[in-house]
Amino acid sequence: MDFSFLSAAVSVAPRNAFPMPAAENSGIVPLLYLISGVLFIMALRGLSSPGTSRAGNRYGMIGMTIAVATTLVTHSIASLPEIAVAIAIGGGIGFIIARRIQMTAMPQLVAAFHSLVGLAAVLVGLAAYANPEAFGILDAQGLIEPQSRVEMGLGIAIGAITFSGSIIAFLKLAGKMSGAAILLPGRHVINLGTLLTILGLVGWFTQDQSPWVIATITALSFVIGFLLIIPIGGADMPVVVSMLNSYSGWAAAAMGFTLHNTAMIITGALVGSSGAILSYIMCKAMNRSFLSVIAGGFGAEAAVSGGAAKEQRPWKRGSAEDAAFLMKEAENVIIIPGYGMAVSQAQHVLREMGDVLKANGVNVKYAIHPVAGRMPGHMNVLLAEANVPYDEVFELEDIQGDFAQADVAFVIGANDVVNPAAKTDKSSPIYGMPVFDVDKAKTIFFVKRSMGGVGYSGVDNDVFYMDQTMMLLADAKKMVEEIVKALQH
Amino acid sequence: MDFISILSIFVLACFVGYYVVWSVTPALHTPLMAVTNAISSVIIVGALVASAAAGSPLAKVLGLGAVVLASVNIFGGFAVTQRMLAMYKKKEKK
């Protein structure tokens, strides 16, 4: 793409052609926005350990307060009552949702929140188009500066894609829409064509600022957001949520360029890179390329290859009593939770089981795969909710070596993340994905609803049929409750 | 500020973001997403500018709408992050 018009715009229309209100120019205001940007950086820095994280969150709140207060003070506050009401309505809704939401529903909540940021970006972009004077983006001829038009167009486009994409992600995560990949014929051509048209229109917008251009950009971006996320299956949702997180940041950054606001630019860059890094971590943990996730259709392909190799193999069924007996006698037990644990809300009773085992002198550890659950870190939050101390919870690379000494590996609601096919079977769709070496443990208990269901990748799991494996077929919560009861006898 | 200064801030902030986010412990990735969500609602600054300015009733309505949406996110995002972070506890010393 040709960006030369950007530099041309800068030289033709200097920024100071239309000065902002007097207060904007005094040094203190940019300084305050800078401080709020720095506080946001410190908010993320705090998350490097649970101990400092709470202070970090407070820095974030202070930063936001400074940004909002600064904006209100430096702009004519004639409409303060309306603004106060708007903040009270939005804030009230947000606060109530945050209080009531269940931790298992966190992925869809985050997706819903992303959609709001996206829509807000679209509204702000359109407002800047409707009243460019207020944003100080008019040039000498009374037209919107071409450079600002690019920023505005891109901001609206990214915002709209974030909005509609997050709506689809929300519906899929909340189970209100099939998690299966929905594949339209010729979707790659349609999607690419639409994206190029949007970019072309943003370019055209610099020449012609008539309303139809901005309206078409907005409409097409809403459509492409839907189209991009619909073909992506449920298993890839952690990547999608991270990616939309990133988009919401870039949308904020684009608006920051329009407003020349450092707080927005810094935040946009932070959030944008944060989401991008999380997407990268998720892709790596599944050994998939980002492009193949975006192209979609993962669930669909796997179902075909899984269907061919359907054969009956012998497996052993265990009981709650077996599990209780063997774990009580064990020295080291490693628990591997997955999304199934979240679905049946088994985290609390699981922690109870851990407590009873610890009281019997058993060394209990939890092993969490990066893609366990429906968003990055989801399992950690659920275990924390159930009061599992975070220093008993380990990441993949930190616990991998412990399986050889483990007497029991207790897999609950996880499947693909313990599938040895990822290490050995080159034809498997999950080949190359890092998995837990549960097969090195002396005994494996596999809590699963039934033998019929397979993991989200749709592939069979050799662990089911190993000599040291006992299948505990039941709802995860019920099974763990029974084990706790058996342990207390 | 001219375009190149703004761009410089943006590029440098991307690098800061890169290093800061890699230092976040994986156990806190969900709170990370919730808090980034809250802070990206700093877009409320643009919404406030539009709501406060006289001149275009349309811009005002759009701005106020954006203020409501961003506020949901700011209050909801920070509150839910705080709720999550409060749950992370260390092993009790015996």
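Quick caveat: nothing in here was measured; it's all calculated off a predicted structure.

> Please explain the overall build of chain A as it appears in this structure.
Each helix and strand in chain A was counted, giving 20 helices and 6 strands. Sequence-distant contacts, at least 24 apart, represent 78% of the contacts inside chain A between residues at least 6 apart.

> What's the story with the nonpolar core in this structure? I'm lost.
Note that soluble globular proteins tend to have their nonpolar side chains buried in a common cluster. Counting residues in each nonpolar core, the largest one holds 197 residues, and the members touching the most others are Ile336(A), Met353(A), Phe410(A), Ile412(A), Phe436(A), Val438(A) and Ile483(A). Ignoring sequence-local partners within four residues, the contact set of Phe410(A) consists of Met327(A), Ile334(A), Ile335(A), Ile336(A), Leu350(A), Met353(A), Phe445(A), Val447(A), Leu472(A), Val480(A) and Ile483(A).

> Would you mind showing me how to read the interface of chain B and chain A here?
How big an interface is tends to be reported as the loss of accessible area on association of its parts. Across the boundary between the two partners, chain B contributes 79 residues, which contact 102 residues of chain A. Approximately 8,100 Å² of surface area, both sides summed, lies buried where chain B meets chain A, with 79% of it carried by carbon and sulfur atoms. Counting the contacts that link chain B with chain A gives 0 salt bridges. Across the chain B-chain A interface, the total number found is 17 residue pairs in polar contact (both at pLDDT 80 or more).

> Can you walk me through the pairing of strand 6 (residues 469-473) of chain A in this structure?
The side chains of a regular strand alternate, first on one face of the sheet and then on the other. All names here are of chain A. The element strand 6 is extensively covered by neighbouring structure, given that 5 of its 5 residues are classed as buried. Note that strand 5 (residues 443-448) and strand 6 share 5 bridges and pair parallel. When the sheet's bridge partners are listed, Lys448 is paired in strand 6 with Leu473.

> Is there a simple way to think about the pairing of strand 4 (residues 408-412) of chain A in this case?
All names here are of chain A. The buried fraction of strand 4 amounts to 5 of the 5 residues, a majority that puts the element mostly inside the structure. The alternating pattern of strand 4 places Val408, Phe410 and Ile412 and Ala409 and Val411 on opposite faces, both of which are buried. The pairing of strand 1 (residues 332-337) with strand 4 spans 5 bridges and is parallel. Bridge pairing in strand 4 places Ile336 opposite Val411. In terms of strand pairing, strand 4 meets strand 5 through 5 bridges, oriented parallel. By the bridge assignment for strand 5, Val411 is matched with Phe446.

> Sorry if this is basic, but what is going on with helix 3 (residues 44-52) of chain B here?
Given 3.6 residues to a turn, an α-helix orients residues that are three or four positions apart in the same direction. Along helix 3 of chain B, 9 of the 9 residues are buried, which leaves the element largely enclosed by surrounding structure. Within helix 3 of chain B, burial applies to Ile44(B), Val45(B), Gly46(B), Ala47(B), Leu48(B), Val49(B), Ala50(B), Ser51(B) and Ala52(B).

> Hey, could you run me through the UniProt feature "transmembrane region" (unreviewed entry) in chain B in this one?
What UniProt calls "transmembrane region" (unreviewed entry) maps, in this numbering, to residues 6-25, 32-55 and 61-81 of chain B. Taken end to end, residues 6-25 of chain B is 85% helix and 0% strand, and its two terminal C-alpha atoms sit 30 Å from one another.

> Help me understand the side chain of Asp139(A) in this model?
All names here are of chain A. Topologically, Asp139 is positioned in the loop between helix 6 (106-130) and helix 7 (146-173). Buried and without a salt bridge, Asp139 has Arg149 as its closest oppositely charged side chain, separated by 5.3 Å. A polar side-chain atom of Asp139 sits 3.1 Å from the main-chain amide nitrogen of Gln141.

> Looking at this model, I keep getting lost on the confidence of the model for chain A. Mind explaining?
Detail in the predicted coordinates should be disregarded across regions flagged by low pLDDT. Residue and element names in this part refer to chain A. The predicted model of chain A has a mean per-residue pLDDT of 86, with 89% of residues at 70 or higher. Scored below 50 in pLDDT, residues 1-24 makes 33 contacts in the model with residues more than four places away or belonging to other chains. pLDDT under 50 marks residues 299-309. Its contacts with residues more than four places away, or in other chains, come to 7 contacts.

> Explain a nonpolar patch on the surface to me, please; I cannot follow it from the model alone.
Residue and element names in this part refer to chain A. Side chains of Ile28, Leu31, Leu34, Ile35, Val38, Met42, Tyr59 and Ile62 sit close together on the surface and give an oily, nonpolar patch of about 640 Å² of accessible area. Listed by contribution, the elements that provide at least two residues to the nonpolar patch are helix 3 (28-46) and helix 4 (50-74). When residues of the nonpolar patch are assigned to their parent elements, the largest contribution, 6 residues, is made by helix 3. Within the secondary structure, Met42 is located in helix 3.

> Honestly, a negative patch on the surface in this entry has me stumped. Any pointers?
Residues and elements named next belong to chain A. There is a patch of like negative charges on the surface, built from Glu321, Asp322, Glu352, Glu481 and Glu482. For the negative patch, the secondary-structure elements that each account for two or more residues are helix 14 (320-329) and helix 20 (476-487). Among the structural elements, Glu482 can be located in helix 20.

> Explain the packing of aromatic side chains here, please?
Evaluated as defined, the whole model comprises 11 aromatic pairs over all chains. Plain terms: the ring middles of Phe257(A) and Phe3(B) are 6.0 Å apart, the flat faces sit at 40° to each other, and that makes the pair tilted. Taken together, the positions of Phe257(A) in helix 10 (residues 237-259) and Phe3(B) in helix 1 (residues 3-22) put the pair across two chains. Considered together, Phe257(A) and Phe3(B) belong to a single accessibility category, that of buried residues. A centroid spacing of 5.9 Å and a plane angle of 70° characterise the contact between Phe464(A) and Tyr465(A), whose relative ring orientation is edge-to-face. For the residue pair Phe464(A) and Tyr465(A), the accessibility class agrees, reading buried in each case. Every member of this aromatic cluster is reached through a ring pair, and the members are Trp250(A), Phe257(A), Phe3(B) and Phe10(B). Across the ring face of Phe394(A), the terminal group of Lys365(A) is positioned such that the distance to the ring centre comes to 5.2 Å.

Reading the values: the criteria
Residues numbered from 1 in each chain as written. Chains lettered and ligands numbered in written order. Predicted model: local features only at pLDDT ≥ 70, side-chain atom pairs only at ≥ 80, totals over all residues. Heavy atoms only, no water. Helix = DSSP H or I, 4+ residues; strand = E, 2+ residues; numbered from the N terminus. Contact = heavy atoms within 4.5 Å. Core = buried A, V, L, I, M, F, W, Y, C linked by side-chain atoms within 4.5 Å. Buried < 20%, exposed > 50% of the residue type's maximum accessible area, 1.4 Å probe, protein only. Buried area = accessible area lost by both parts, 1.4 Å probe. Salt bridge = Lys/Arg side-chain N within 4 Å of Asp/Glu carboxyl O. Polar contact = N/O pair within 3.5 Å; in protein donor to acceptor, adjacent residues only side chain to side chain. Pairing = 2+ DSSP bridges. UniProt positions renumbered as here; feature names shortened; annotations may be inferred. Lys, Arg positive; Asp, Glu negative; His and termini not counted. pLDDT = per-residue confidence, 0-100. Patch = residues over 30% accessible without salt bridge, like charges linked within 9 Å, V, L, I, M, F, W, Y side chains within 5 Å. Areas by Shrake-Rupley, 256 points an atom, 1.4 Å probe, with all protein chains shown as cover. Charge placed at Lys NZ, Arg CZ, Asp CG, Glu CD. Phe/Tyr/Trp six-rings, centres within 6.5 Å; stacked < 30°, edge-to-face > 60°. Lys NZ or Arg CZ within 6 Å of the ring centre and 35° of its normal.

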